Each structure stands twice: as structure tokens, then as C-alpha cells.
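# Structural overview
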Amino acid sequence: AQSVSQHNHHVILSEAASLELGCNYSYGGTVNLFWYVQYPGQHLQLLLKYFSGDPLVKGIKGFEAEFIKSKFSFNLRKPSVQWSDTAEYFCAVNRHAGNMLTFGGGTRLMVKP
Amino acid sequence: SQTIHQWPATLVQPVGSPLSLECTVEGTSNPNLYWYRQAAGRGLQLLFYSVGIGQISSEVPQNLSASRPQDRQFILSSKKLLLSDSGFYLCAWSAQGADEQFFGPGTRLTVL
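Conventions adopted
- Residues numbered from 1 in each chain as written.
- Chains lettered and ligands numbered in written order.
- Predicted model: local features only at pLDDT ≥ 70, side-chain atom pairs only at ≥ 80, totals over all residues.
- Heavy atoms only, no water.
- Disulfide = S-S within 2.5 Å.
- Helix = DSSP H or I, 4+ residues; strand = E, 2+ residues; numbered from the N terminus.
- Contact = heavy atoms within 4.5 Å.
- Buried area = accessible area lost by both parts, 1.4 Å probe.
- Salt bridge = Lys/Arg side-chain N within 4 Å of Asp/Glu carboxyl O.
- Polar contact = N/O pair within 3.5 Å; in protein donor to acceptor, adjacent residues only side chain to side chain.
- Core = buried A, V, L, I, M, F, W, Y, C linked by side-chain atoms within 4.5 Å.
- Buried < 20%, exposed > 50% of the residue type's maximum accessible area, 1.4 Å probe, protein only.
- Phe/Tyr/Trp six-rings, centres within 6.5 Å; stacked < 30°, edge-to-face > 60°.

With that settled, the discussion passes to the state of the cysteines. The full count for this structure, using the stated rule, is two disulfides over all chains. In this model, Cys23 of chain A is linked to Cys91 of chain A through a disulfide, with the two sulfur atoms separated by 1.9 Å. Residues Cys23 of chain A and Cys91 of chain A share a disulfide whose torsion about the S-S bond is about -65°; that sign makes it left-handed. Separated by 68 residues along the polypeptide, Cys23 of chain A in the loop between β3 (19–21) and β4 (24–25) and Cys91 of chain A in strand β10 (residues 87–95) bring together distant segments of the chain. Two residues, Cys23 of chain B and Cys91 of chain B, share a disulfide whose sulfurs are 2.0 Å apart. The sign of the -75° torsion about the S-S bond sets the Cys23 of chain B-Cys91 of chain B disulfide as left-handed.

Put into C-alpha cells, the structure is as follows:
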């Protein structure tokens, strides 16, 4: 069975610091990769996704993620975080053309003003 | 546009009591529907998914069940709640053949 690991459970940063959240998955076949974000009191929403093509994916609010197939990784990055980025971030994977998402354990990000 | 509703938003139930959580989707037809649970400090765990009316697949054996009586209605139930059923329950939908899932606001269940 596939699994998704997010190594950082809690991250605390100051505004303007750079962010990188790790995500590794275990499935060896073709996958689709997602980052979801849950802001306090809001629905879980899609931040960005990778299906194919350029492994560097740009999402909303200045976030990007890089798919490195050889490392089974899909790390999320942002060059300069803002207080409003405080949220919980989830990495998710599904098999190509499948509907089942497997989520990582989530990373709680707190950005100090 | 599509919207997804869940109710109740919060629920406190005693151990051994029944449970019924409802999820409805508007603005789309024949969606895939999903129930997830988010336990404290853990990720989202897929509980059930449905590709059509009356078609339910279970990902994790437990004392919960799901039903889909109508195309855009998905219900999560239990006959007798356990303490371990406490958590945040999320409903989601996706279009047939699409990978992106859209999530509802969730129901926070506390079993005492």
C-alpha cells in the first residue's frame, strides 16, 4: 500500500523566512501529487498539484513544489512566508488515473509576525 | 458553482449512542464522494468512498458505515459510538474521472 510521509509536524517561522516542507511517498508507479492547505476555520483547499510535465509546479499565494521522481519527493516551498500562511499543510498522492488520495500526517505552520 | 455541505458542524455524543453525519453536494451530478477522518495529530484517513448511488467501498474496517441514498447525498453512520471515533470528519467530492477533490467544512465529533 502506498504511504505519504511529512517529516515536519510543526514548523515555526518568522515573517520573510523561507519555507520548505518535506513530503515523501512510497508508491513506485505513476502518481499524481497534491498539496492541500487548511487555514484556521476554513475548508481544506488545494494549493497546487502535479500530474505530468514540468516537475516544478507553481500554485497559489506564491507557493511552489518540486517533484523529484528519483527521491519520491514533492517538497513544498515558499521564498518568503507571511503571517497569513499560518495553516496546516497536507501532502497527498494518488495513483495515476485513480481516485483514492493518500494523505500525509500534515504539517502545522505558524508564522510569527 | 459547486458547493458541499456538512452537518452538524459539531457534535458531542456519549459512548454507545448512534451517529448520523450528512454530506450533500450541489451544482454537480454523479460525483465521487468520500468520507475522511482527521484524528488529532494525524493526517486524513480515507474511510469510505462512493462512485454512485448505493455503491460504497470501505477502506478501513471499523464500526462505522456509509450510505448513499441519493446521487449527491452521503451519510456516515454508526450504531454504537466508541471513544476512538472522536475526530474531525470531512466529506469530499470529485468529478468522475478527475483527480482533484473538494472538501466540505467538516464535523467535529467528540465521544464522551
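As a further point, take the interface of chain A and chain B. Where interface size is quoted, it is often the accessible area lost as the parts come together. Listed by partner, the interface residues are 20 residues for chain A and 19 residues for chain B. Here chain A and chain B share an interface that buries about 1,500 Å² over both sides, 52% of which is from carbon and sulfur atoms. The interface formed by chain A and chain B holds one salt bridge in total. For Lys49 of chain A, the salt bridge goes to Glu100 of chain B, with nearest N and O atoms at 3.2 Å. At the boundary of chain A with chain B, the tally comes to three residue pairs in polar contact (both at pLDDT 80 or more). Of all elements in the fold, only β5 (31–38), β6 (44–50) and β10 of chain A reach the threshold of two or more residues within the side of chain A that touches chain B. For the side of chain A that touches chain B, the element with the most residues is β5 of chain A, which contributes four residues.

So, about the nonpolar core. Ranked by size, the top nonpolar core spans 28 residues in total, and within it Leu33, Trp35, Leu48, Phe74, Leu76 and Tyr89 of chain A carry the most contacts. When contributions to this core are tallied by element, the ones reaching two or more residues are β2 (10–14), β3, β5, β6, β8 (64–68), β9 (73–78), β10 and β12 (107–112) of chain A. The residues touching Leu48 of chain A, leaving out its near neighbours within four places in the chain, are Leu33, Phe34, Trp35, Val57, Lys58, Gly59, Phe63, Glu64, Ala65, Phe74 and Leu76 of chain A. Judged by nonpolar contacts, the second largest core, of 19 residues, contains Leu19, Leu21, Val25 and Cys91 of chain B.

A few words now on the packing of aromatic side chains. All names here are of chain A. Evaluation of the coordinates by the stated rule reveals 15 aromatic pairs over all chains. With a centroid separation of 5.8 Å and 70° between ring planes, the pair formed by Phe34 and Phe51 is classed as edge-to-face. One end of the pair, Phe34, is in strand β5; the other, Phe51, is in the loop between β6 and β7 (56–58), and 17 residues separate them in sequence. When its relative accessible area of 31% is taken as the criterion, Phe51 is described as partly exposed. Ring centres of Tyr36 and Phe103 lie 5.8 Å apart, and the angle between their planes is 50°; on these two criteria the pair is classed as tilted. Of the two residues, Tyr36 sits in strand β5 while Phe103 sits in strand β11 (residues 102–103), which places them 67 residues apart along the sequence. Of the residues examined, Phe103 reaches a relative accessible area of 7% and is grouped as buried.

This part is about the pattern of salt bridges. Residues and elements named next belong to chain A. In this structure the tally under the stated criterion is eight salt bridges over all chains. For Asp85, the salt bridge is made with Lys78, and the minimal N-O distance between the two is 2.9 Å. Of the two residues, Asp85 and Lys78, both sit in the buried class. It is possible to trace a salt-bridge network through shared partners that takes in Lys58, Glu64, Glu66 and Arg77.

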